[in-house]
Amino acid sequence: MININANTDAIERAIQELINKGDDLTAPMKSIGEEMINRTQQRFRDKEAPDGTPWAPNAPSTEKRKGHGRVLEGESKQLAKQFSYSATSDSVEYGSLMVYAAMQNFGGTKAEFPHLWGDIPSREFIGLNDDDEDEVLATLADYFST
C-alpha cells in the first residue's frame, strides 16, 4: 500500500483536541477514509492529480502496447477500483491495494527500474488537497459538535 503522510497543522490540531477529550475517533476516521477513497476514485474519472494538474498522457509506445490511450487504465481497470482504508481511534490510512500503484503515483525511470519498458511519469492520485483538508476538518468538527 502507498503510504503518504498527509498531516497538516490544522488537521493535527483538530485530532489532538479530540484525543485530549478522551474521544475514540474511529467513527469519524472511517468517514474520512470513505471520503478520501471517493475523492481518489473521482481523480481517476477526472484524470488529474490532487492539485488539479492533468495526468501526463501515455507515450505512443504505451498506447501501442495497450491498444488505447486511456491513462492509468488497463483492461480490468483495477488500479482505479482497488482502494482500502484502515481507521483507528486516532488516525486513518488509505491507499491502493495494487502492487504497482506506487510506481504509477510517483513515477520511475527505466534506469532506476530496468524491468520497465520505459520511463513512467508521476501521475499522482493519492494525496490531500485544500478541499480534502477542508472536508477532513468538517468531518472532525461535525463529530466534535455532537
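Going by the structure above, here's the rest.
These numbers were taken from a predicted model, which means no experiment stands behind them.

### A short note on the overall build of the protein
Scanning the protein from terminus to terminus reveals five helices and two strands. Across the protein, helices and strands are ordered from the amino to the carboxyl terminus as α-α-α-β-β-α-α. For the protein, the spread of C-alpha atoms along the three principal axes comes to 55 × 25 × 25 Å. Buried positions account for 33% of the 146 residues belonging to the protein. A separation of at least 24 residues holds for 62% of the contacts in the protein among residues at least 6 apart in sequence. Summed over its atoms, the accessible surface of the protein is roughly 8,600 Å², and 49% of this surface lies on carbon and sulfur atoms. Of the side chains in the protein, 15 bear a positive and 25 a negative charge, and the two mean positions are spaced by 12 Å.

### Focus on the side chain of Arg43
Relative to the assigned elements, Arg43 resides in helix α2 (residues 26–46). What Arg43 contacts, discounting residues up to four positions off in sequence, is Glu48, Ala49, Pro50, Trp55, Phe125, Gly127, Asn129 and Asp132.

### Quick look at α2
In this model α2 runs 30 Å from its N-terminal to its C-terminal C-alpha over 21 residues, within 8% of the 30 Å that 1.5 Å per residue would give. All of the buried residues along α2 are Pro28, Met29, Ile32, Gly33, Met36, Ile37, Thr40, Arg43 and Phe44. On its buried face, α2 is in contact with α1 (9–20), β1 (83–87), β2 (92–96) and α5 (130–145). Positive phi shows up at Lys47, right after α2, with a value of about 60 degrees.

### Quick look at the nonpolar core
If you look at the biggest cluster of nonpolar residues, it comprises 22 residues, and the most contacted ones within it are Phe44, Leu72, Leu79, Phe125 and Leu140. Of all the elements in the fold, those that place two or more residues in this core are α1, α2 and α5. No other element matches α2, which puts five residues into this core. Among residues more than four places away in sequence, those in contact with Leu72 are Phe44, Trp55, Lys66, Leu79, Gln104, Arg123 and Phe125.

### Focus on the packing of α1 against α5
Geometry of a packed helix pair, given as the angle between the helix axes and the separation of the axes. Between α1 and α5, whose axes approach to 10 Å, the crossing angle comes to 15 degrees. One way to sum up the angle between α1 and α5 is to call them roughly parallel. Seen along the crossing, α1 lies across α5 with a hand that is left-handed. Judged by residue contacts, Ala10, Ile11, Ala14, Ile15, Glu17 and Leu18 of α1 engage Glu133, Val136, Leu137, Leu140, Tyr143 and Phe144 from α5.

### Digging into α1
With 12 residues, α1 should reach 16 Å at 1.5 Å per residue; the first-to-last C-alpha distance of 16 Å fits that figure. Residues of α1 that are buried: Ile11, Ala14, Ile15 and Leu18. For α1, the arc enclosing every buried residue in end-on projection is 95 degrees, short of the 170-degree limit, so these residues lie on one face. Across from the buried face of α1, at angles greater than 90 degrees, the exposed residues are Asp9, Arg13 and Asn20. Tucked into the core, α1 has its buried residues touching α2 and α5.

### Some points on the packing of α2 against α5
Relative orientation of the contacting elements α2 and α5 amounts to 155 degrees, with a least axis distance of 10 Å. Considered as vectors, α2 and α5 are oriented roughly antiparallel to each other. Of the two possible hands of crossing, α2 and α5 adopt the one that is right-handed. Counted together, Pro28, Met29, Ser31, Ile32, Glu35, Met36, Arg39 and Arg43 of α2 and Asp131, Asp132, Glu135, Val136, Thr139, Leu140 and Tyr143 of α5 form the full contact between these two elements. For the contact of α2 with α5, the per-class residue count stands at seven nonpolar, two polar and six charged.

Procedures and definitions
- Residues numbered from 1 in each chain as written.
- Predicted model: local features only at pLDDT ≥ 70, side-chain atom pairs only at ≥ 80, totals over all residues.
- Heavy atoms only, no water.
- Helix = DSSP H or I, 4+ residues; strand = E, 2+ residues; numbered from the N terminus.
- Buried < 20%, exposed > 50% of the residue type's maximum accessible area, 1.4 Å probe, protein only.
- Contact = heavy atoms within 4.5 Å.
- Areas by Shrake-Rupley, 256 points an atom, 1.4 Å probe, with all protein chains shown as cover.
- Lys, Arg positive; Asp, Glu negative; His and termini not counted.
- Charge placed at Lys NZ, Arg CZ, Asp CG, Glu CD.
- Expected span 1.5 Å × (residues − 1).
- Core = buried A, V, L, I, M, F, W, Y, C linked by side-chain atoms within 4.5 Å.
- Axes fitted to C-alpha atoms, helices over the stretch in contact; angles between N-to-C directions.
- Parallel < 35°, antiparallel > 145°, perpendicular 65-115°, else oblique.
- Left-handed = near helix turned anticlockwise from the far one by under 90°.
- Arc of directions from axis to C-beta.
- Nonpolar A, V, L, I, M, F, W, Y, C, P; charged D, E, K, R; others polar.

The values are spatial; any link to function lies outside them.
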